[in-house]
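Listed below are the residues making up each chain.
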Amino acid sequence: MTSDVEMDIDALADATPGTSGLFDFQPGNSFLHRMNPVTKLVVTASMVTVALLAPSFRVPSIFFVGAIVATVLAGIFGRVARILGGLALPLAFSLLFFHGLFNPANETRLWVFENLPVVETIIVWEEGIRFALTILTPLLVLMVCVLATVMTTHPKKLAIAMIQKGLSPKLAYVFMAALQFIPDMREQAYDIIDAQQARGLNVKGSFRRRIRAFVDLLTPLLIGMLITTETRSLALDSRGFTRTNARTYLFEVPDRPVDRVLRWLGGGAVVAAVGWWVVQWL
């Protein structure tokens, strides 16, 4: 049920300024931004499930390339690339290095590097590289899809969409609060540091001084978070958050035909992948 003063949730999301946090929502008008948040969750879960059940790294590699293209079109590729560079590159290097050289199943030579200092020869084996890619590519699909969903979905839009699909408002609020917790805490920490610096506290310099500044930051930060939690609790109570009767919504999250088609395709792909896996297992 919607109210007579229904508003456009996309207009609210577009009016939200982007922040410097890598994991924060970034406003935009791309296909990903306009997609129903529930559709994004379903597509993400479907792609990750199919990638995990796929027999080789080719299927998740295709998903990974498609997800990267989607982030480019949504204008968030730079942020996604920075996160992947910090998280995925070390993981990829360790998997490819150890399995490419030392996997017990190695039998076929892929590359041979000779006349090297100290070790003279390094042999990279095909079986180890394939095994490492089979592990790595589903993880890359998971990272890119989750980042794309978080960066293109306003938390309030996500909560409303989940409630409209039948999820408990309490669970939807917990989900939204979890997404907003780190950005809110970071913003409060910056405000406290600015206030401390304005009062003459030096938060830079040696490692010991930075540790002391961090300890001085913790107390007001924790107190501030407790006050914020209490304020939100009072606001929810005043709005009848625990009432169980029919609700009205100030914002309406559109559910376009293309969203429903994508959800059906995602569900069908998961069913087909699970069926294929069961047949192979039997």
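About the cut-offs
Residues numbered from 1 in each chain as written. Predicted model: local features only at pLDDT ≥ 70, side-chain atom pairs only at ≥ 80, totals over all residues. Heavy atoms only, no water. Axes fitted to C-alpha atoms, helices over the stretch in contact; angles between N-to-C directions. Helix = DSSP H or I, 4+ residues; strand = E, 2+ residues; numbered from the N terminus. Parallel < 35°, antiparallel > 145°, perpendicular 65-115°, else oblique. Contact = heavy atoms within 4.5 Å. Nonpolar A, V, L, I, M, F, W, Y, C, P; charged D, E, K, R; others polar. Phe/Tyr/Trp six-rings, centres within 6.5 Å; stacked < 30°, edge-to-face > 60°. Buried < 20%, exposed > 50% of the residue type's maximum accessible area, 1.4 Å probe, protein only. Lys NZ or Arg CZ within 6 Å of the ring centre and 35° of its normal. Core = buried A, V, L, I, M, F, W, Y, C linked by side-chain atoms within 4.5 Å. Expected span 1.5 Å × (residues − 1). pLDDT = per-residue confidence, 0-100. Polar contact = N/O pair within 3.5 Å; in protein donor to acceptor, adjacent residues only side chain to side chain. Left-handed = near helix turned anticlockwise from the far one by under 90°.

**Remarks on the packing of helix α3 (residues 37-53) against helix α7 (residues 155-164)**
The N-to-C vectors of α3 and α7 enclose an angle of 85°; their axes lie 8 Å apart at closest approach. In this view, α3 runs roughly perpendicular relative to α7, as classed from their interaxial angle. From α3, P37, V38 and L41 reach across to α7, where they touch K157, L158, A161 and M162. Classifying every residue of the contact of α3 with α7 gives six nonpolar, no polar and one charged.

**Points about the packing of aromatic side chains**
Under the defined criterion, the tally for this structure stands at four aromatic pairs. On the numbers, 5.1 Å between centres and 85° between planes, the contact of F97 with F98 is edge-to-face. F97 gets classed as partly exposed once you look at its relative accessible area, which sits at 35%. What links up through ring pairs into an aromatic cluster is the set F93, F97, F98 and F102. Lying over the aromatic face of F57, R58 brings its terminal NZ or CZ to 5.6 Å of the ring centre.

**As for the nonpolar core**
Counting residues in hydrophobic clusters, the biggest one holds 23 residues, and the most contacted among them are I76, V80, L84 and M151. When contributions to this core are tallied by element, the ones reaching two or more residues are α3, α4 (58-74), α5 (77-102) and α6 (126-151). Among the elements that take part in this core, α6 stands out by supplying nine residues, more than any other. In this structure, L84 is in contact with F64, I68, L89, M143 and V144, ignoring residues within four places of it in sequence. In this structure, L158, I163, Y249 and V253 belong to the second largest nonpolar core, which totals ten residues.

**Some remarks on helix α10 (residues 257-281)**
With 25 residues, α10 extends 36 Å from end C-alpha to end C-alpha; this agrees with the ideal 36 Å at 1.5 Å per step. What α10 keeps buried is the set D259, R263, G266 and A273. Check the buried side of α10 and you find it contacts α3.

**Section: the confidence of the model for the protein chain**
On average, residues of the protein chain carry a pLDDT of 83, and 92% of them reach 70 or more. Counting interchain partners and residues more than four positions distant, the pLDDT-below-50 stretch residues 1-6 has twelve contacts.

**Quick word on the side chain of H33**
Take H33: it is sitting in helix α2 (residues 31-34). H33 gets classed as buried once you look at its relative accessible area, which sits at 5%.

**Section: the side chain of S46**
Positionally, S46 belongs in helix α3. Reaching out from S46, the side chain makes a polar contact with the backbone oxygen of V42 at a distance of 2.7 Å. Excluding residues that lie within four positions of it along the chain, S46 makes contacts with G266, G267 and V270.

**Comments concerning the packing of α3 against α4**
Following both chains from N to C, one finds α3 and α4 inclined at 150°, their axes separated by 8 Å at the closest point. Our classification of the angle between α3 and α4 gives roughly antiparallel. Crossing geometry of α3 relative to α4 is assigned as left-handed. Here M47, V50 and A51 of α3 come into contact with α4, specifically with V59, P60 and F63.

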